[in-house]
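Listed below are the residues making up each chain.
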Amino acid sequence: MNNVLIRLEQPGDQCAVEALTRDAFWDVYKPGCDEHLVAHRLRTHPDFIPALDFVALDGDKIIGNIMYSRAAIVQPDGTRFPIVIFGPLSVHPDYQRRGVGAALVRHSLEQAKALGVAGVALTGSPEYYPRFGFRPGRDFGITDAEGNSSDYLMAMPLAADALPAGTLTESEVFYFITPADVEAFDASFPPREKHRLPGQLFG
């Protein structure tokens, strides 16, 4: 899309962004989703980075959002190397595969670099993210908390010349979300049926 406007999220956008996130992830990875609750909790967490919280608009309609949080690569000697991760990255289903997500990623990465961020990591599609410069975490010796480095774990240096080897440590906000938490939060949204679909990773 050529007419997408990207700007920082504003306080009045929050409900629309959470509804958008719910629509974007519903039934994708499992029946229903929990990414909208992650977005809700992230905003009030110390690891949240408001300066990298962007929305995409078609006119006045919010059609996409990207959020960033603080993370670190913990090196073998215990040294923490500060980086960031992004997610959720949400695009309304009516606007997917039209370049909205790519525009949000490119714009936010430029802003992260301008802020002096040393590097970015993520867990996502190995077919999609290399176009932005992401490489497998194993290229840098980066693993997850269990010591694994799957194709889905990717990283990219920004201000730094390279990234150190070590364990990626993400914000605690991405953990400890229970089905009861999601059900309670979902009660504030219009009812929607969950479906078990082929290709879902969980559930």
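Refer to the structure printed above.
Residues numbered from 1 in each chain as written. Predicted model: local features only at pLDDT ≥ 70, side-chain atom pairs only at ≥ 80, totals over all residues. Heavy atoms only, no water.

Enquirer: Could you give an account of the overall build of the chain, naming the residues involved and the relevant values?
Expert: The helix and strand tally for the chain stands at 4 helices and 9 strands. Listing every helix and strand of the chain by position from the N terminus yields β-α-α-β-β-β-α-β-β-β-β-β-α. Taken over the C-alpha trace, the chain has a radius of gyration of 17 Å; the compact-globule value for 203 residues is 17 Å, and the two agree within 12%. Dimensions of the chain along its principal axes, counting C-alpha atoms only, are 50 × 35 × 30 Å. (Helix = DSSP H or I, 4+ residues; strand = E, 2+ residues; numbered from the N terminus. Rg over C-alpha atoms; globule rule 2.2 N^0.38 Å.)

Enquirer: So what's going on with helix H3 (residues 100-114)? Which residues, and what values?
Expert: An ideal rise of 1.5 Å per residue puts 21 Å on 15 residues; H3 measures up with 21 Å between its terminal C-alpha atoms. All buried positions along H3 are accounted for by Val 100, Gly 101, Ala 102, Leu 104, Val 105, Ser 108, Leu 109 and Ala 112. Where the residues of H3 are buried, they touch strand E1 (5-8), strand E2 (54-58), strand E3 (61-74), strand E4 (80-91), strand E5 (119-123) and strand E8 (153-157). (Expected span 1.5 Å × (residues − 1). Buried < 20%, exposed > 50% of the residue type's maximum accessible area, 1.4 Å probe, protein only. Contact = heavy atoms within 4.5 Å.)

Enquirer: Could you give an account of the pairing of E4, with specific residues and numbers?
Expert: With 9 of 12 residues buried, E4 is to be regarded as a mostly interior element. Of the strand pairs in this sheet, E3 and E4 are connected by 10 bridges, and their pairing is antiparallel. What sits directly across from Asn 65, in E4, is Ser 90. The hairpin formed by E3 and E4 contains 5 residues between the paired strands, and Gly 78 there has a positive phi angle of roughly 95°. Pairing between E4 and E5: 2 bridges, direction parallel. The residue bridging Val 84 from the neighbouring strand is Val 120, located in E5. Handedness of the β-α-β unit built from E4, H3 and E5 comes out right-handed. (Pairing = 2+ DSSP bridges. Right-handed = clockwise from strand over helix to strand, strands pointing away.)

Enquirer: How would you summarise a nonpolar patch on the surface if you had to cite specific residues and measurements?
Expert: Side chains of Val 28, Tyr 29, Leu 201 and Phe 202 sit close together on the surface and give an oily, nonpolar patch of about 410 Å² of accessible area. Within the element layout of this structure, Leu 201 appears in the segment after helix H4 (179-186). (Patch = residues over 30% accessible without salt bridge, like charges linked within 9 Å, V, L, I, M, F, W, Y side chains within 5 Å. Areas by Shrake-Rupley, 256 points an atom, 1.4 Å probe, with all protein chains shown as cover. Salt bridge = Lys/Arg side-chain N within 4 Å of Asp/Glu carboxyl O.)

Enquirer: Report on the packing of helix H2 (residues 35-42) against H4, specifying residues and quantitative values.
Expert: Running from N to C, H2 and H4 point in directions that differ by 85°, and their axes come no closer than 10 Å. Taken together, the axis directions place H2 and H4 in an arrangement best described as roughly perpendicular. Contacts from His 36, Leu 37, His 40 and Arg 41 in H2 reach Asp 181, Val 182, Phe 185 and Asp 186 in H4. Among the residues forming the contact of H2 with H4, the class breakdown is 3 nonpolar, 2 polar and 3 charged. (Axes fitted to C-alpha atoms, helices over the stretch in contact; angles between N-to-C directions. Parallel < 35°, antiparallel > 145°, perpendicular 65-115°, else oblique. Nonpolar A, V, L, I, M, F, W, Y, C, P; charged D, E, K, R; others polar.)

Enquirer: Before we move on, can you summarise the side chain of Glu 18 with the specific residues and values?
Expert: With respect to the helices, strands and loops of the structure, Glu 18 is situated in helix H1 (residues 14-25). Exposure remark for Glu 18: the relative accessible area of 7% places this residue in the buried category. When neighbours within four sequence positions are excluded, Glu 18 is seen to be in contact with His 36, His 40, Arg 43, Phe 185 and Phe 189.

Any functional reading would require information beyond the geometric quantities listed.
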